[in-house]
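# Chains, contacts and geometry: an overview
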Amino acid sequence: EGIFAIGHLRVDTVKRELTAPGEINDVMTIEFMANTKGGLKAYECALTIDTDAITFNAALMLLGLDPSRGRPSKFQFDPATPAGDPVEIHLEFGGKRVRAEELLFDQRTKTTLAQGPWVYTGSTFFDAGHGRRFMAEEDGVLIGLMHGPAAIIENPRSDAVTGYGHFIINPGLGIPPGSKVSVIVTALKR
């Protein structure tokens, strides 16, 4: 009861948790945390989740996350803090479970991203001249890092906005590109 499969995603509405299969990308510079399978931004995303943006967003809404409470960034590298329902993100691989923040290593400070919740913004829509389009689906961005309007889940930390070009996959985790991971998103109480 309360467990659903949507594509490759597993949704547990009792635990308020989404589990998705993913893979670590071979990237040098990280601007986004996660992209869709075949997403346009894979070259600057830490990992790929085996889903599309519409399915991912629908699964998050089943957890009770509400885009009407979201305030996405207005533009890429927006200094204003995005807002929305809080979530935690974990990764499981090789028998380990780590917070998503531990995957992102800042070469300037020699530390990982500060721990804390992420926010569900629900992404944004834009007029493409032939109807409104869902930006997360167009760009393939599921989870952001540098404050942008496309991400469905965004990083609310302001230090990442100034970190473009400095974030890499944490070498201390010993997780090479191509490694399979499970991405777990847990909806927190507001």
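The rules behind each value
Residues numbered from 1 in each chain as written. Predicted model: local features only at pLDDT ≥ 70, side-chain atom pairs only at ≥ 80, totals over all residues. Heavy atoms only, no water. Helix = DSSP H or I, 4+ residues; strand = E, 2+ residues; numbered from the N terminus. Rg over C-alpha atoms; globule rule 2.2 N^0.38 Å. Buried < 20%, exposed > 50% of the residue type's maximum accessible area, 1.4 Å probe, protein only. Contact = heavy atoms within 4.5 Å. Areas by Shrake-Rupley, 256 points an atom, 1.4 Å probe, with all protein chains shown as cover. Lys, Arg positive; Asp, Glu negative; His and termini not counted. Charge placed at Lys NZ, Arg CZ, Asp CG, Glu CD. Pairing = 2+ DSSP bridges. Polar contact = N/O pair within 3.5 Å; in protein donor to acceptor, adjacent residues only side chain to side chain.

### Observations concerning the overall build of the chain
Counting its secondary structure elements, the chain contains two helices and 16 strands. Taken over C-alpha atoms, the radius of gyration comes to 15 Å for the chain, in line with the 16 Å a tight globule of 190 residues would show. When the backbone C-alpha atoms are referred to their principal axes, the chain occupies close to 40 × 40 × 30 Å. Scored against the burial criterion, the 190 residues of the chain give a buried share of 51%. Partitioning the intrachain contacts of the chain with sequence separation of at least 6 by distance along the chain shows that 65% fall at a separation of at least 24. When the accessible surface of the chain is totalled, it reaches about 8,600 Å², and 54% of it is carbon and sulfur. Taking the average location of the 19 positive side-chain charges in the chain and that of its 23 negative ones, the two points are 4 Å from each other.

### Description of the sheet that holds strand S8 (residues 104-106)
Sheet architecture is open: three strands sit in the order S9-S8-S15, paired in antiparallel fashion. Whereas interior strands pair on both sides, the edge strands pair on one side only; in this sheet they are strand S9 (111-112) and strand S15 (167-169). Both S8 and S15 contribute to a ladder of three bridges, which runs antiparallel. Within S15, the residue paired with Leu 104 across the bridge is Ile 169.

### A word on helix H1 (residues 53-62)
All of the buried residues along H1 are Ala 53, Thr 55, Phe 56, Asn 57, Ala 59 and Leu 60. The distance from a side-chain oxygen at the start of H1 to the backbone nitrogen of Ile 54 is 3.1 Å, and the residue carrying that oxygen is Asp 52. Just beyond H1, the residue with positive phi is Gly 64, at close to 100 degrees.

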